[in-house]
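Given next are the chains, with one letter for each unit.
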Amino acid sequence: MLVTCKLCKKEKDLRQSHIIPEFMYTSLYDEKHRFHEISTDKNKKNRLPQKGVRERLLCNDCEQQLSKHETYASLVFNGGYSLKIRNEGRLIHLEGLEYSKFKLFALSILWRAGVSNLDVFSQIKLGPHEEILRKMVLNNDPGADDIYPFILSPIVHEKSVQEALIVKPTWTRLGNHYAYRFVFGGIAWVFVVSSHQAPKEVIGASISKEGKITMLPWALSDMKFIVKMAQELTQSGKL
């Protein structure tokens, strides 16, 4: 059955597309290739799926286009790509990233979450930015480094990065800007989505055209939106 691909807008057969790439689920799987999906709805049972969250969104050609950025990102996260790392107090400075590939990887996840009909992504409402992001992703255009910047914060507990954690994305406010928070790959990703310029601190930490990015690790106990969600799940008997 032919359906309109969300990215290229052509009538094609659609594939089961991941919103968050499958390689980000690797650390969650048990010996039977299952991970624990804890529902935030007290009326729904927890599940043990064997694949990350998917939805019929993209045609095969568009899947292949995005997979190139995902392959690159998987090498970055799994140590298959040489980066220069410099620590400065609590800050971690990375150099040697490919600006276009890494930014398009990140923006494609934000856009996919925005067009998804799945409840887990219900807080990602991009409005007019949805079409702008679609065209950027479709045309392999990462934009300037002050357009849709994002900050990365590794989540640390007892000196270890918490890779086995994926949390339902939420929205918040950064001053007079909308921001969307994702947690995957042991990192909190915060995207600023606004029609006017993001705070200079965000732009300064986001990936630059020179391939540099600055990360600020946070203790799991200080990530209030995660702590609040865990408390609510505990009260509902889900944890």
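Here is what the cut-offs are and how they apply
Residues numbered from 1 in each chain as written. Predicted model: local features only at pLDDT ≥ 70, side-chain atom pairs only at ≥ 80, totals over all residues. Heavy atoms only, no water. Helix = DSSP H or I, 4+ residues; strand = E, 2+ residues; numbered from the N terminus. Buried < 20%, exposed > 50% of the residue type's maximum accessible area, 1.4 Å probe, protein only. Areas by Shrake-Rupley, 256 points an atom, 1.4 Å probe, with all protein chains shown as cover. Pairing = 2+ DSSP bridges. Salt bridge = Lys/Arg side-chain N within 4 Å of Asp/Glu carboxyl O. Axes fitted to C-alpha atoms, helices over the stretch in contact; angles between N-to-C directions. Parallel < 35°, antiparallel > 145°, perpendicular 65-115°, else oblique. Left-handed = near helix turned anticlockwise from the far one by under 90°. Contact = heavy atoms within 4.5 Å. Nonpolar A, V, L, I, M, F, W, Y, C, P; charged D, E, K, R; others polar. Expected span 1.5 Å × (residues − 1). Phe/Tyr/Trp six-rings, centres within 6.5 Å; stacked < 30°, edge-to-face > 60°. Core = buried A, V, L, I, M, F, W, Y, C linked by side-chain atoms within 4.5 Å. Arc of directions from axis to C-beta. Polar contact = N/O pair within 3.5 Å; in protein donor to acceptor, adjacent residues only side chain to side chain.

Visitor: Before we move on, can you summarise the overall build of the protein with the specific residues and values?
Guide: Check the secondary structure of the protein and you find five helices and 13 strands. Per-residue burial over the protein gives 45% buried out of 239 residues. Here the protein displays about 12,800 Å² of accessible surface, and carbon together with sulfur accounts for 51% of that area.

Visitor: Lay out the pairing of strand β6 (residues 91–95) with the relevant residues and their values.
Guide: Direction of pairing for strand β5 (residues 84–88) relative to β6: antiparallel, over a ladder of five bridges. When the bridges of β6 are listed, I85 appears paired with L94. Counting the residues between successive antiparallel strands, the hairpin from β5 to β6 contains two residues, one of them, G89, with a positive phi of roughly 65°.

Visitor: So what's going on with the pattern of salt bridges? Which residues, and what values?
Guide: Scanning the model with the defined rule gives seven salt bridges in all. K101 serves as the salt-bridge partner of E98, at 3.5 Å between the closest nitrogen and oxygen. In this structure E98 comes out as partly exposed when scored by relative accessible area, which is 29%. With a relative accessible area of 34%, K101 lands in the partly exposed category. Note that K168 is salt-bridged to D119, the shortest N-O span being 3.7 Å.

Visitor: Lay out the packing of helix α2 (residues 99–115) against helix α3 (residues 129–138) with the relevant residues and their values.
Guide: For any two helices packed against each other, the geometry comes down to the angle between their axes and how far apart the axes lie. Close contact between α2 and α3 brings their axes to 10 Å; oriented N to C, the two are set at 135°. One element, α2, and the other, α3, form an angle in the oblique class. The handedness of the crossing between α2 and α3 comes out as left-handed. Counting all contacts with α2, which are made through L104, L107, S108, L110, W111, G114 and V115, the residues of α3 involved are E130, L133, R134, M136 and V137. The residue makeup of the contact of α2 with α3, split by class, is eight nonpolar, two polar and two charged.

Visitor: Talk me through helix α1 (residues 60–77); I want residue IDs and the actual numbers.
Guide: A rise of 1.5 Å per residue sets the reference length of α1, with its 18 residues, at 26 Å; its end C-alpha atoms lie 25 Å apart and thus fit the reference within 8%. Buried residues of α1: C62, E63, Q65, L66, H69, E70, Y72, A73, S74 and V76, and no others. Positive backbone phi, approximately 80°, marks G79, located one or two places after α1.

Visitor: Account for the packing of aromatic side chains, with residues named and values stated.
Guide: As enumerated under the stated definition, the model contains 14 aromatic pairs in all. Each ring, one from F102 and one from W189, has its centre 6.1 Å from the other, and the planes form 25°; the classification is stacked. Of this pair, F102 sits in helix α2 while W189 sits in strand β11 (residues 187–193), placing them 87 residues apart in sequence. Note on accessibility: F102 and W189 belong to one class, buried.

Visitor: Residue-level account of the nonpolar core, with values.
Guide: Formed by 47 residues in total, the largest nonpolar core has its most connected members in F102, L110, F150, F182 and W189. In terms of residue count, α2 provides more of this core than any other element does, 10 residues in total. Apart from the residues within four sequence positions on either side, F150 is in contact with F102, K103, A106, W189, V190, F191, S206, I207 and I213.

Visitor: Lay out α3 with the relevant residues and their values.
Guide: Every buried residue belonging to α3 is among H129, L133, R134, M136 and V137, and all of these are buried. The arc enclosing the buried residues of α3, seen along the axis, measures out at 165°, which places them on a common side. Contacts from the buried residues of α3 go to α1, α2 and β11. Following α3 by one or two positions, N140 adopts a phi angle in the positive range, close to 55°.

Visitor: Describe the environment of H93, listing the residues and the values that go with them.
Guide: For H93, the location among the structural elements is in strand β6. With 120 residues separating them in the primary sequence, H93 and I213 have C-alpha atoms 6.0 Å apart. Apart from residues no more than four positions distant in its own chain, H93 is found in contact with K84, I85, R86, E88, I213 and T214. Side chain to side chain, H93 and E88 meet in a polar contact 2.7 Å long. In terms of polar contacts, H93 uses its side chain to reach the side chain of T214, at 3.0 Å.

These results come straight from atomic positions and should not be treated as a statement about function.
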